[in-house]
Amino acid sequence: MKILDQNRAPLFEAMREYHRKNVVPFDVPGHKHGIGIPEMVDYFGRTMLELDVNAMKCLDNICNPIGVIKEAEDLAAKAYGADNAFFLVNGTTSGVQAMIMSICNPGDKIILPRNAHKSAITALILSGAVPVYIQPEINEELGIAMGVSLKSVKEAIEKHHDAKAIFIINPTYYGAVSDLKAIVEMAHKYEMAVLVDEAHGAHMKFHNELPMEAMDVGADMCAVSTHKTGGSLTQSSLLLLRERFVDAKKVKTTLNLTQTTSASYLLMGSIDIARKQLATKGKEMLDNVLNLVRWARFEINKIEGLYAFGKELVGTIGVYDFDETKLGVNVRNLGLTGFEVYDILRDEYNIQVELGDMYNILAIVSLGDTKESLGALIEALKSISVKYKRDKKITLKKSILKNPEVIVSPRDAYYSRKKVVKFEDAAGEVSGESIMAYPPGIPVVALGERITKEMIEYVNEMKKKESLLQGTEDPYVNYIKVLGV
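Small disclaimer: the values here were computed from a predicted structure and weren't measured.

(A) Region of the structure containing helix α7 (residues 150-159). Residues of α7 that are buried: S152, V153, A156 and I157. Within α7, the buried residues cover an arc of 130° as seen down the axis, which keeps them to one side. Turned more than 90 degrees away from the buried face of α7, the exposed residues are K151 and K159. Structurally, α7 contributes buried residues whose contacts are with β2 (109-113), β3 (130-134), β6 (165-169) and α8 (180-189).

Take a look at the structure:
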């Protein structure tokens, strides 16, 4: 048995050895080390194309890893304190789907917050599980959903003690963290598995001033977007698990139902390198990240009309802890929406933030940020506060929607016969499609829910603000499919 040394990156090392040998390729991909697509070589570089290779004995296979991929996965499991780890090349979406499909059979209940990502809704369709939604706590001043309270979790568990699992977000997009340890302890008393969407928490394990990661508090599975805050390439993630309520063999089989058989070695190699870096240098690098983001918050909070919220929210309802690397800035007192500030930053200052919503913008601060990059954001916000400020702050009748009425399961809604109606006239109908702004990908309307007048008003408001909506066959969301003939 090999000693698991976090200074090694076994998959990446095997890729480098393959590259050194200059193998003559008569396998796929068809570009043959980039020779067949010279324009890409000219722009991206020859080495990248030469490492875009297919599964072979020396590089192992993601569908049944027994060599260097397995060794790299074992190192990732050890780094995160898990029993098992699986590399994902279909993003954390595939991890969320695998978690729910591995635990829930058709008809089984799963408890989850209504602000879960669309991947959880697609997992309900694939598994046939029935959602029991918990209303996340709402900060009306900020206009965003926070975590879930222990009280609401306790009520849901006691009312639905036959549920197979509870699904928790750790942290939310904006950095709010629920009391995950207490939730795990509560759920395990009822022998419920705890599944965690840790898409935005890949970094948290590696610094003691950040919230606790799911494996540390005894959760059963978590899907981790190493590409979001861990440094790996876009679309690469990890699925971590503890073998108590979870069978690792079944999880692997479930992953193989939906994950590609032609996994990108560039993606997998980047997970291996990112894990090595986090495990060996994460504390030092995150010290720098935290110093930068704390400085940026301090400077932004000097700007009239702006509020960069952070750790002061801890202790408010739905916020047990807070991930400071999520730099959310409330802009409503400028008389501007977050959508408007998002566009101004991009179009006039060449700055791309993660998202804008009705009241806020969100900047993700991570391993690659510098004082110069954050300084540019601060200066741009100073300029916007002078140049674009309006007298009246943004106020909405309803900043965020409350839990909807679930009429049928998402799976039943997906397979039911449907008709197309004008979205304006859809109040009272049962939705056959989802509607969400992306990012963050949280449905305003999900399959199987009763469409309400408030939903229609909320979506129309987002349309006016030119939010990027998706989920319906109609790209402009003027029409929606509903159940019926």
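(B) Molecular detail of the pairing of strand β9 (residues 221-224). Covered by surrounding structure in β9 are M221 and A223 together with C222 and V224, the residues of both alternating faces. Of the strand pairs in this sheet, strand β8 (residues 193-198) and β9 are connected by four bridges, and their pairing is parallel. Its bridge partner lying in β9, L195 is registered against M221. Across four bridges, β9 lies against strand β10 (residues 237-241) in antiparallel orientation. Bridging from a neighbouring strand, V224 pairs with L238 of β10.

(C) Just the packing of helix α5 (residues 91-103) against helix α10 (residues 248-258), in detail. At their nearest, the axes of α5 and α10 sit 9 Å apart, and the two run at 130° to each other. By the angle between their axes, α5 is oblique relative to α10. The chirality of how α5 crosses α10 is right-handed. In this structure, α5 uses S94, Q97, A98, M101 and S102 to contact α10, whose residues at the interface are K250, V251, T254, L255, L257 and T258. Taken together, the residues of the contact of α5 with α10 sort by class into five nonpolar, five polar and one charged.

(D) A look at a nonpolar patch on the surface. A surface patch of nonpolar side chains, amounting to about 370 Å² of accessible area, comprises Y43, F44 and M48. Mapped onto the elements, F44 comes out in helix α2 (residues 38-44). Overall, the relative accessible area of 48% leaves F44 in the partly exposed class.

(E) Highlighting the side chain of S102. Topologically, S102 is positioned in helix α5. Given a relative accessible area of 7%, S102 falls into the buried group. Here the side chain of S102 touches A98 through a polar contact of 2.6 Å, landing on its backbone oxygen. Setting aside its immediate chain neighbours within four residues, S102 contacts M221, K250, V251 and T254.

(F) Representation of the packing of helix α1 (residues 10-21) against helix α11 (residues 265-300). Taken N-terminus to C-terminus, the directions of α1 and α11 make an angle of 130°; their axes are 7 Å apart at the nearest point. As far as their axial angle goes, α11 and α1 are oblique. By crossing handedness, the relation of α1 to α11 is classed as left-handed. For the pair α1 and α11, the contacting residues are P10, L11, F12 and M15 in the first and Y265, L266, M268, G269, D272, I273 and R275 in the second. Of the residues assigned to the contact of α1 with α11, the class counts are eight nonpolar, one polar and two charged.

(G) Spatial organisation of the sheet that holds β3. What the seven strands build is an open sheet, ordered β1-β10-β9-β8-β6-β2-β3; its pairing is mixed. In the strand order of this sheet, the two ends are held by β1 (84-88) and β3, each with one partner. For this sheet the average axis-to-axis angle between neighbouring strands, irrespective of direction, equals 20°. As paired strands, β6 and β8 are joined by five bridges and run parallel to one another. Across the sheet, A165 pairs through a bridge with A193, a residue of β8. Across the face of the sheet, α5 comes into contact with β1, β2, β6, β8, β9 and β10 while running at roughly 165° to β9.

Calculation notes
Residues numbered from 1 in each chain as written. Predicted model: local features only at pLDDT ≥ 70, side-chain atom pairs only at ≥ 80, totals over all residues. Heavy atoms only, no water. Buried < 20%, exposed > 50% of the residue type's maximum accessible area, 1.4 Å probe, protein only. Helix = DSSP H or I, 4+ residues; strand = E, 2+ residues; numbered from the N terminus. Arc of directions from axis to C-beta. Contact = heavy atoms within 4.5 Å. Pairing = 2+ DSSP bridges. Axes fitted to C-alpha atoms, helices over the stretch in contact; angles between N-to-C directions. Parallel < 35°, antiparallel > 145°, perpendicular 65-115°, else oblique. Left-handed = near helix turned anticlockwise from the far one by under 90°. Nonpolar A, V, L, I, M, F, W, Y, C, P; charged D, E, K, R; others polar. Patch = residues over 30% accessible without salt bridge, like charges linked within 9 Å, V, L, I, M, F, W, Y side chains within 5 Å. Areas by Shrake-Rupley, 256 points an atom, 1.4 Å probe, with all protein chains shown as cover. Salt bridge = Lys/Arg side-chain N within 4 Å of Asp/Glu carboxyl O. Polar contact = N/O pair within 3.5 Å; in protein donor to acceptor, adjacent residues only side chain to side chain.

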